[in-house]
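Descriptive analysis of the structure
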Amino acid sequence: LIAPLPRDVHIVEIGPCAGVSDEALFELPSDERVKLCDHLSHAGVPCMEVGSLAEDAQALPQMMDTQFVLSKIKRNPNVNYQILTPTLESVRLASKYRGLVADTAVVSLSANEAFSQYSFGCSMEEKWAEVAMCVAAAVDEGLKVRATLSCVLGCPEQLHTEFNTETGQHQY
């Protein structure tokens, strides 16, 4: 049942995005987030998720300054800078930063219907269709793509979850 382990593992620093967006008790000023990204790249972090270009300020209010952060980061050519792009419009926006600071568009899916409704406001099937369009647009714009799959083993919105073996069978 278990496939052979991959030869390489790629670790992505998500602190400047998920680490900041999950903190409701404090707000990290934009200039400090720029410094955080610059310090991480200077420290040798090879790959980091800088922020989100979600249009919904209510969903991720701490990410509303991502365009400012992207415009101020001191680009390190040894770092792969990634941007969470939950919609087609956000992929198009990320492409404006391609080569400046954006290397990779990050798309997200859920393996759990309840979490998909909670986090994305749509069904898993609708989100798969949206992600397919986002991936195609990102590739057309010359961006690399990384996909994340949430709630594979459980959902914080439910007390229990059923393992969804069909999620990984979608081919786009």
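Description of the structure in this document. (Residues numbered from 1 in each chain as written. Predicted model: local features only at pLDDT ≥ 70, side-chain atom pairs only at ≥ 80, totals over all residues. Heavy atoms only, no water.)

On to the sheet that holds strand 2 (residues 80–84). The strand order 1-2-3-4 describes an open sheet built from 4 strands, whose pairing is parallel. The sheet terminates laterally at strand 1 (47–52) and strand 4 (144–150), the two strands that pair on one side only. Each adjacent strand pair in this sheet contributes to an overall mean axis angle of 30°, direction not counted. Bridge count between strand 2 and strand 3 (residues 104–110): 3 bridges; the pairing is parallel. Residue pairing in the sheet places Gln82 in a bridge with Thr104 of strand 3. (Pairing = 2+ DSSP bridges. Helix = DSSP H or I, 4+ residues; strand = E, 2+ residues; numbered from the N terminus. Axes fitted to C-alpha atoms, helices over the stretch in contact; angles between N-to-C directions.)

Inspection of the secondary structure puts Met64 in the loop between strand 1 and helix 3 (66–72). Owing to a relative accessible area of 44%, Met64 belongs among the partly exposed residues under this scheme. Sequence spacing of Met64 and Ala54 is 10 residues, and the spatial spacing of their C-alpha atoms is 7.9 Å. (Buried < 20%, exposed > 50% of the residue type's maximum accessible area, 1.4 Å probe, protein only.)

Function cannot be inferred from these measures alone, as they are strictly geometric.
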